[in-house]
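So the chains spell out like this:
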Amino acid sequence: MPKTRKSKKGSVSKSTQGAPRATNSNSNAGLATRRTSSPNRPLPSPKARGPQSLIWPVMVTLGCWGMAFSFFVFSSDANHVLFAGMAALMALLWTFSVGVRIRKLLILRQR
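As the structure is a prediction and not an experimental result, all values here were calculated from the model.

Draft legend 1. Fine view of the overall build of the protein. Along the protein, the regular secondary structure elements total four helices and zero strands. Starting at the N terminus, the α and β elements of the protein follow one another as α-α-α-α. Taking the contacts inside the protein whose residues are at least 6 apart along the sequence as the reference set, 62% of them involve residues at least 24 apart. Summed over its atoms, the accessible surface of the protein is roughly 10,400 Å², and 63% of this surface lies on carbon and sulfur atoms.

Below is the structure:
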């Protein structure tokens, strides 16, 4: 005996009976325009605004610089310069990010 029930022919499923139907296309157009014309808001700031927000980015930055140095000096791989360059590029991006965060913190402290 199968565990599922057989549906009767011609019956309407319950999920489509109570579903509201949009007959006016203008009522939905107002919702779409409100979402697209939202005012320009600044990006949300991190929750920790003090020097605590710098701990992980600084650690990642130092780790990237350490990887770049170790790839360049200690690696015996044929592409060690390429790997060191990629790690240095990643470290430069993180360094820029940390610099921006430090500048934001200094500006907030001056206020």
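Additional details are given in the paragraphs that follow.
Draft legend 2. Fine view of the environment of Trp65. Position of Trp65 among the secondary structure elements: in helix α3 (residues 55-74). Judged by its relative accessible area of 36%, Trp65 falls in the partly exposed class. Distance in space between the C-alpha atoms of Trp65 and Trp94 is 9.6 Å, their sequence separation being 29 residues. The contacts of Trp65, once residues within four sequence positions are left out, are Ala88, Ala91, Leu92 and Thr95.

Draft legend 3. Highlighting the packing of α3 against helix α4 (residues 80-110). Two elements in contact, α3 and α4, have axes separated by 8 Å at closest approach and are oriented at 160°. As the angle between them shows, α3 and α4 are arranged roughly antiparallel. Considering the relative orientation of α3 and α4, their crossing is left-handed. For the contact of α3 with α4, the class distribution of residues is 19 nonpolar, three polar and one charged.

Draft legend 4. Main features of the packing of aromatic side chains. Taken as a whole and assessed by the stated rule, the structure comprises two aromatic pairs. Measuring from ring centre to ring centre gives 6.0 Å for Phe69 and Phe74, while their planes differ by 85°; the resulting arrangement is edge-to-face. When the ring of Phe71 is compared with that of Phe83, the centres are 5.9 Å apart and the planes differ by 55°; the resulting orientation is tilted. In this pair, Phe71 is assigned in helix α3 and Phe83 in helix α4, connecting sequence segments 12 residues apart.

Draft legend 5. Region of interest: a nonpolar patch on the surface. A surface patch of nonpolar side chains, about 550 Å² in accessible area, is lined by Phe69, Phe72, Val73, Phe74 and Val81. Examining the composition of the nonpolar patch, we find that four residues originate from one element, α3, more than from any other. If you trace the backbone, Phe69 turns up in helix α3.

Rules used throughout
Residues numbered from 1 in each chain as written. Predicted model: local features only at pLDDT ≥ 70, side-chain atom pairs only at ≥ 80, totals over all residues. Heavy atoms only, no water. Helix = DSSP H or I, 4+ residues; strand = E, 2+ residues; numbered from the N terminus. Contact = heavy atoms within 4.5 Å. Areas by Shrake-Rupley, 256 points an atom, 1.4 Å probe, with all protein chains shown as cover. Buried < 20%, exposed > 50% of the residue type's maximum accessible area, 1.4 Å probe, protein only. Axes fitted to C-alpha atoms, helices over the stretch in contact; angles between N-to-C directions. Parallel < 35°, antiparallel > 145°, perpendicular 65-115°, else oblique. Left-handed = near helix turned anticlockwise from the far one by under 90°. Nonpolar A, V, L, I, M, F, W, Y, C, P; charged D, E, K, R; others polar. Phe/Tyr/Trp six-rings, centres within 6.5 Å; stacked < 30°, edge-to-face > 60°. Patch = residues over 30% accessible without salt bridge, like charges linked within 9 Å, V, L, I, M, F, W, Y side chains within 5 Å. Salt bridge = Lys/Arg side-chain N within 4 Å of Asp/Glu carboxyl O.

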